[in-house]
Structures are given as C-alpha cells and as structure tokens.
Amino acid sequence: MNRSIRKVAVIGSGVMGSRIACHFAGIGVQVLLLDIVPGTLTEAETAKGLTLDNKAVRNRIVNDALQATLKSKPSAVYTKDVARNITTGNITDDLQQIASCDWIIEVVVERLEVKQQLFAEVEKYRKPGTLVTTNTSGIPIRLMSEGRSEDFRQHFCGTHFFNPPRYLRLLEIIPGPDTKQEVLDMLADYGSRFLGKTTVLCKDTPAFIANRVGVFGFMAVFKVMQELGLTVDDIDALTGPVMGRPKSATFRTGDVVGLDTLALVAKALPANVPNDEAKDIFAIPAFVETMLANKWLGDKTGQGFYKKEKGADGEKQILTLDLATMQYRPKVKNKFATIDAAKPIEDLAQRLKVLYSGADKAGEFYKKFHHLLFAYISNRIPEISDELYKIDDALKAGFGWEIGAFESWDALGVQKVADKMKAAGMAIAPWVDEMIAAGCKTFYRTQNGQRQYYDIATKAYKTIPGADTFIILEQLSDKVVWKNATCRITDIGDDVLALSWNTKMNTIGGEVLEATMRAVNMAEEKAKGLVIANSGANFSAGANVGLIFMYAVEQEYDELDLAIRMFQSATMRLRYSSIPVVVAPHGMTLGGGCEMCLHADAVQAAAESYIGLVEVGVGLIPGGGGSKEMALRASDRNIKEDIETNYLQQLFINVGTAKVSTSAHEAFDNFILRKGYDNISMNVDRRVADAKRKALALWESGYTQPTPRQDIKVQGRGGLGGLLSGIHGMWRGKYISDHDRHIAEKLAYVMCGGDLSQPTLVSEQYLLDIEREAFLSLCGERKTLERLQSIITTGKPLRN
C-alpha cells in the first residue's frame, strides 16, 4: 500500500512535541499542533480583560511552547519560515481536525491513564487507516491500545523520538500486539528517507533499547567512579570525545537531559525487569538522591553537576560539584598518562586499545567500565533485541556515540576481552563463547563490500538489512582503485568513482588537491561521474592553515603562489570536466570545502551541513575560487542593475562576515546552494548513494562539458564605492577593527572586478588572478600571521 504523509497531527506541545512538530514542518509537511486549554488566566491576560473563552487564551499553552521552541538554541528548525507549516490549536476545540491527518503522534505526559483517555477521544475523529503512534519512552505499547478498535490497533505503535529530534537521529519503532507489518515497514522507510532517522525496530520491553543500555551506561560510570575515587571533572575528561562520546560526556549530558529524567528511568527499571542480572547497578547513588532532594536537576533548575556563576572579576565561571562535600568548586583538570598517550591517535578503534590497556587509574576505569558494558549487552540478547547491530545503532543515533558497544568490543578484541572479563569474575552470555568457539572472532565483518553481523539464532553472519540503501566508503576497501597517504578513489559501482580523504578535520592540502585532479582524470577516462564525499564528523574544515602559515612566516611566496594556483586549478577542474561532479558534504563544510561545493555540477548536501566561506575570520579572503564564484553568481542574477548591486552587497556581507549556514536548507537562502541544481539528503547515511544517482542522472541526460566563462559582469568602481562606504561605516562605528577593514576592502576589490571605470564583462581567469593576488598580499601581513597562528594554537581566530 502506497501511503503519503501530507499532514501530521502532534498532540502535546511540550519540549518534545513542539520539536517533533518543527522537524516535520522542516521537511515541508503540514502539521497540526495541539495541547490542553489552560485552567486559569495569566496576570497579563487579566489586565487585557480576556476570559478563558478567548481563543488566544485557549491556545496560549501551545502557542507559547511553539514560540519557545522556535527561539531555542541550538535551533530546532532548519529555517525560521518552517513555522508557516504549523497550525496550532487545542484538544478541546480542535481535536476533530485530526480527521484530515495522515499520521497522529501522541506526545503528552508519561501517564498511562492520560494516554488511554486521549486515544479514546482520538478514535472518535480519526479516519480508518490513519497511523496513530505514541512517543512514550517506556510505557508498554500493548497497554495503551487496550480497548481500541481493530483498525486502531492495527495502525498503532510506538515511535520514540530522541531530544532534540533535529540532531539526535534515533527513531525507535515499537510494535503493538496487532500492528500490521506494512505499517512498521512504512514507518521505518519514512523515518529513514524523509526524517533522516536511524530507525530501529524494538521489542516492547521496558525502556526499549537505547534508554535501557544508555541509562545502564550512566549508572555503570557512577559505580566505577565511586570505586576508583574519581571526580566529576575526571569522568567528563575520560568519557568525552577521547573515547568517541559527545563533548558533553557523562555529567554535562546529565545536566542537559535532567537528573530527574535519568533517575526516573533508573528507578523504574529494577521493578519492571526483576530478572535483570545487573539490576543492582541501577540503584540510585546517595549523591544523586541528595541532588534530587535539593532540586539540583541540571540546566532546567540552573545547577546540577555543574553550576554557572559570576566570579570576583565579574566574568562567568563554571563550577563543578564535589561529590565528597556536595559543595561547588572551581574545575580541576587532572592529568592522566593514558589520555595523553591516546589523544594524538586519530583512529578511534586504535585509540580505544590504548585507553583500555592504560596502566594508570584512567586505564583501570576504561577496563572496568567496558567489562560492565560488554557483560550487560551480551545478556540483553535476545531480551531487548534479536540482532546485536540494533543495540549499536540505537546507542550511536540516540546518545551520539561514535562507535557502538559491540563495535567497541570488536576493536578491543572479542576473545582477549572476554578472557579478561572471566578472570575478573564477570559473567558474559553463553552465546559469545559459542560464537568464539565456532571460529567467529568478531561481531561484525565486511564481505564483498557489505557489512555483516553475527546472528545469534542461526550462528552465522548475515548482511545488515537495508545496507544496499547506503554507500559506506570505508567499507569498500576492496574497491579502491587509487590512493595516496591520505586520499582514496573508490569504484562505487555503475561506472561512478568517489573521492574521499582522511586528514585531521578533513582539511585540504597538497595531497588532497593532487587526488582531486587525479580523480577527475580517472573519471573522464573510464567513468560516468565523480562523487566527492568524506566520512567522519565533517566534510572539511577547509584548507590546511598550518601549511599556509608555514609558507607565509618563512616568506616562501613562490611556494604559496604555487599552492593557491593548485587549489584554483583543482576547483576549476571540478567545474570544467567532461563528466558530472557531485559533492556530498555533511557537517562542517568550510572555506576550501565550501569552494569545492561551489564549483561542482551539483551538491547533494546532508541536512546537517554547515557551509560557508570563513577565510575572513583568519585574516584572508577565499582563495580557491570562492571570491571569483561570488562575483560570478552576482553577475548571473538576471535582474535590473540596481538590484544586481544589492545582490552583490548581500553576497559580500555573507563572505565578509564569514557567515556559515546553520543547515543545508539555510545554505539556499545564503546563496551557497542553488535551487534547481542542488539537493538535500535528510539522512546523512544516504547522501553518497543519492549523489551517485544524481551523477548518473546528469550523465544520462546528456551531460556536456561547460565552457569557461568570459561574460562575468563585474561592477568596477561603481559597485566598489558602495561596498567601501559600507565598510567605512562599520569601521567608524567600531564594529570592525582596522585589519578587518583592510581585509574587507581586499574582498570588495576582487568581487567588483578591481579598479574598472565601469561595469565590464571579464573572464573567470581574470577574477582568479586578482583573487590570488589579494590572497597572497594578505598572507604577508603581520596581523594575518597572528590570526593564523592563533587558529593553529588555540583553534580560535584572534580579533586584532
């Protein structure tokens, strides 16, 4: 059955409900957002003479919640205009409107009787066949649909989103006893394709998968921390990015989520799963009980494990809770030899080995924690999932882990760790021993380019379902057709090649530029298209500023000139090749990474792509064709000349302020992405496959190599005067420094085509030459060198 989702009703507008509504609205779906009618007037409403019958009053709860979400940071929406897709109302007056909806999502308070009462009302108005789902985080699905009609039960299940739904990709789908398989299949596909989710089919067990294991992970950290006498600061240093977890680590995450929420799940689990062998670990520590009693719940109450306050100098400082005294104190950063040894290692799997084998207290923490975690997950199969990959998928997508629990065990060595666990008295599930005895040494393997998992039921490896939907470049090592120290060119099938590289932050240096030229040449010889994409957290943080700084500080201007020419040649080669080139960015796509996108035939961007030309922030201008491209795009606006100048000004402001789009959607508004050419993949894992399809579509439509442009209309002195006037005003108002002014003037000069007496048609090469000249002149200036050095040493630009 083909099912279209044109309109969704979200009932409950709290933190989760309003954000779920915004996520649907962000992909263009019409949303009806409902909540309860308030029981009393506010002072402001009373002063206005309003009554409880007034529509503004009756919709106050839902409207206030939606406005708070639209203003929240980080933004819950891709662009602010998504609000126009949301209609608000209240349950009492407007519930009948759900009759026009294709999917009804309940997101009300976590109380079974409240949900049951609401579903009884929903059934009065929903049309047969309409999907009805609950966002419960743990109430049994089977209980919520009791007493409902057969059609209701067949189209009812759990859809557990994680907060914030824009950024956390997990969508747990939990069937009820009567849910149709076609409903589950449709939701899994829709969640992945349109909502950008990692969809995980769960069993109807307490806390489902992610919270069951994730909260255990929190409690295991508490246990090991107390055993080893570690502090809050120690734990967040140990459990953050160094081990592949989010920057918020353990305790900062606890403050964000809310200690009361964590405690609620932890307290409920032992009662709901009395046979859980690790239920004692869920016992709430004394320090948590004290914090709950004191209402130190985290961000929602202003203090938790951390607390912000003003210091003696008036500056804000972050204090840490000392769990021994239950007093707040300044943060203390302890040194661990194990962390110092692991940090320089880029590869996470190799880094985990160093952490686990550490001989100090940090190493002891990693051993104890992983032993507890591995024992727990081994015993959760088949209780919470029949397939082990689902546990990893849930932890990575729901808690932001870079590497799953079973993947971590693989990285450390399954048998080696199992032996150590047994020696330490830890009990692992029998199926792990059976797997090892059968000669299966890992939980995962890659075969013929497909990722497989060990299936406990059949005692054999199976291909992960849906893997053919994605192209995971790092799993195609046997398809690599060329490589150098940092880059790979891979055959991704159907006569399409893919270029990828692996450098720190995926920055672009000489080897990447060499590989770019090589990839285009190879694709022209024997392929139909080229895709450029990377793995890791980001597509590219831009050019290698360390290399630029080295050349500049040593006054190697010939080498620097050669490097910039090489970068410009590489981006122009992307533009003027005989095969279509599609760039598939995700995450940070800055500077040179953005310039690659600007020169591609098409961009297939992940929704969470943060794209911009940021060179001004380090004292430079875009030098890889970015400044030229902005002048070209201003020229291509086929509108009246005065408006054309305004468009040029907007592009200049975007580049001059180093503006970064906060989503791929916003990149269209910022003129980085082009309507009609570029597209968005909601699911970051689909972007490479989508880019491949785009390249093939361009080829099959009769792709012809473009001709270098000779007809770019630049404004010369006329446009330059207007831009310089604006720069002067910013400088006079002390919004920018002397050096900022100088950089902006260089940028304006390039984007206006230089010192031309009137609007003139020029070539791309003309613009590239003056772009390169301006870039090189800035490299020789002391204040630019100071900014570059600051970026290299602190990661932040110096404001000089």
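Residues numbered from 1 in each chain as written. Predicted model: local features only at pLDDT ≥ 70, side-chain atom pairs only at ≥ 80, totals over all residues. Heavy atoms only, no water.

Draft legend 1. Highlighting a negative patch on the surface. On the surface, E554, E556, D558 and E559 cluster together into a negatively charged patch. Its place among the elements puts D558 in helix α24 (residues 557–575). (Patch = residues over 30% accessible without salt bridge, like charges linked within 9 Å, V, L, I, M, F, W, Y side chains within 5 Å. Areas by Shrake-Rupley, 256 points an atom, 1.4 Å probe, with all protein chains shown as cover. Salt bridge = Lys/Arg side-chain N within 4 Å of Asp/Glu carboxyl O. Lys, Arg positive; Asp, Glu negative; His and termini not counted. Charge placed at Lys NZ, Arg CZ, Asp CG, Glu CD. Helix = DSSP H or I, 4+ residues; strand = E, 2+ residues; numbered from the N terminus.)

Draft legend 2. Focus on the pattern of salt bridges. By the definition in use, this model includes 54 salt bridges. One salt bridge connects R84 with D81, and the closest N-O pair in it is separated by 3.6 Å.

Draft legend 3. Local environment of the pairing of strand β5 (residues 131–134). Of the two faces of β5, the one lined by L131 and T133 and the one lined by V132 and T134 are each fully buried. The sheet contact formed by strand β4 (residues 103–106) and β5 spans four bridges and is parallel. Along β5, the bridge assignment pairs W103 with L131. Where β5 meets strand β6 (residues 156–161), three bridges bridge the pair, whose relative direction is parallel. Of the residues in β6, the one forming a bridge with T133 is C157. (Buried < 20%, exposed > 50% of the residue type's maximum accessible area, 1.4 Å probe, protein only. Pairing = 2+ DSSP bridges.)

Draft legend 4. Up close: the confidence of the model for the chain. Chain-level pLDDT for the chain is 94 on average; 99% of the residues reach the 70-or-more range. A low-confidence stretch, residues 638–642 (pLDDT under 50), is modelled with four contacts involving residues beyond four sequence positions or located in other chains. (pLDDT = per-residue confidence, 0-100. Contact = heavy atoms within 4.5 Å.)

Draft legend 5. Representation of the packing of helix α17 (residues 361–379) against helix α19 (residues 405–412). The interhelical angle for the contact between α17 and α19, taken along N-to-C directions, is 120 degrees, at an axis separation of 10 Å. Taken as axis vectors, α17 and α19 run oblique relative to one another. Seen from above, α17 lies across α19 with left-handed handedness. Residue-level contacts link H370, L373, F374, I377 and S378 of α17 to A405, F406, S408, W409 and L412 of α19. Of the residues in the contact of α17 with α19, the class split is seven nonpolar, three polar and no charged. (Axes fitted to C-alpha atoms, helices over the stretch in contact; angles between N-to-C directions. Parallel < 35°, antiparallel > 145°, perpendicular 65-115°, else oblique. Left-handed = near helix turned anticlockwise from the far one by under 90°. Nonpolar A, V, L, I, M, F, W, Y, C, P; charged D, E, K, R; others polar.)

Draft legend 6. Just helix α23 (residues 545–553), in detail. Buried residues of α23: I548, F549, Y551 and A552, and no others. Looking straight down α23, one finds its buried side chains confined to an arc of 165 degrees; they lie on one side. Contact partners of the buried residues in α23: α24, α32 (764–779) and α33 (782–794). You can read the cap of α23 off the contacts: a side-chain oxygen lies 3.0 Å from the backbone nitrogen of G546, and it is on N544. Trailing α23 by a residue or two, Q555 shows a phi angle of about 55 degrees, which is positive. (Arc of directions from axis to C-beta. Polar contact = N/O pair within 3.5 Å; in protein donor to acceptor, adjacent residues only side chain to side chain.)

Draft legend 7. Looking closely at the side chain of R58. Among the secondary structure elements, R58 is positioned in helix α3 (residues 55–58). Ignoring any residue separated from it by four or fewer positions in sequence, one finds R58 in contact with I36, V37, P38, L52, D53, N90, T92 and D93.

Draft legend 8. Summary view of unusual backbone geometry. The omega torsion across K73 and P74 is -5 degrees, close enough to zero to call that bond cis. Note on placement: P74 falls in the loop between α4 (60–71) and β3 (86–90). Residue P382 follows I381 across a cis peptide bond; omega there is 10 degrees. Structurally, P382 is set in the loop between α17 and α18 (388–399). Although it is not a glycine, K295 adopts a positive phi angle of roughly 60 degrees. With respect to the helices and strands, K295 occurs in the loop between α14 (286–293) and β9 (306–310).

Draft legend 9. The packing of helix α13 (residues 259–272) against α14, seen in detail. The contact between α13 and α14 brings their axes to 10 Å, and the two run at 130 degrees. In terms of orientation, α13 and α14 fall into the oblique class. Of the two elements, α13 crosses α14, and the hand of that crossing is left-handed. Across the interface between the two elements, L259, D260, A263 and K267 of α13 pack against V288, E289, M291 and L292 of α14. Here the contact of α13 with α14 is composed, by residue class, of five nonpolar, no polar and three charged.

Draft legend 10. Fine view of the packing of aromatic side chains. Scanning all chains against the criterion turns up 29 aromatic pairs. Geometrically, the ring pair formed by Y190 and F194 is tilted, given 4.9 Å between the ring centres and 35 degrees between the ring planes. With 6.4 Å between their ring centres and 70 degrees between their planes, F287 and F305 make a pair best called edge-to-face. Remark: F305 occurs in the loop between α14 and β9 and F287 occurs in helix α14; sequence separation between them is 18 residues. Like F305, F287 is buried. In this structure an aromatic cluster arises from ring pairing among F374, F406, W409, W431, F443, Y454 and Y461. Over the ring of W401 we find R245, and its NZ or CZ is 3.5 Å from the ring centre. Over the aromatic face of W731 sits the side chain of R741, whose NZ or CZ is 4.2 Å from the ring centroid. (Phe/Tyr/Trp six-rings, centres within 6.5 Å; stacked < 30°, edge-to-face > 60°. Lys NZ or Arg CZ within 6 Å of the ring centre and 35° of its normal.)

Draft legend 11. Region of interest: the nonpolar core. Judged by nonpolar contacts, the single largest core of 121 residues is most densely connected at F305, F365, L388, F406, W409 and W431. Per-element accounting of this core gives the leading share, 12 residues, to helix α10 (residues 210–228). Leaving out residues up to four positions away in the same chain, F365 has contacts with V221, V224, L228, L230, I235, L238 and T239. With 81 residues, the next largest nonpolar core counts I489, V581, C597 and L778 among its residues. (Core = buried A, V, L, I, M, F, W, Y, C linked by side-chain atoms within 4.5 Å.)

Draft legend 12. Broad picture of empty space enclosed by the protein. Within this structure, the stated rule accounts for three cavities of 30 Å³ or more. The calculated volume of the largest cavity comes to roughly 70 Å³. If you go around the largest cavity, the residues you meet are I611, G612, L613, M630, N654, V655, K659, S661, N670 and I672. For the lining of the largest cavity, the residue count by class is five nonpolar, four polar and one charged. (1 Å grid on protein atoms, 1.4 Å probe; cavity = no way out; pocket = protein on both sides within 12 Å on 5 of 7 lines; lining within 4 Å. Points joined across faces, edges and corners; volume = space filled by probe spheres on them.)

Draft legend 13. Highlighting the layout of surface pockets. Empty space within the second largest pocket amounts to approximately 630 Å³. If you go around the second largest pocket, you meet 24 residues; those closest to its centre are L632, R633, D636, R674 and Y677. Secondary structure elements with two or more residues in the lining of the second largest pocket: α26 (626–635) and α29 (687–700). The greatest single-element share of the lining of the second largest pocket, amounting to three residues, is contributed by α26.

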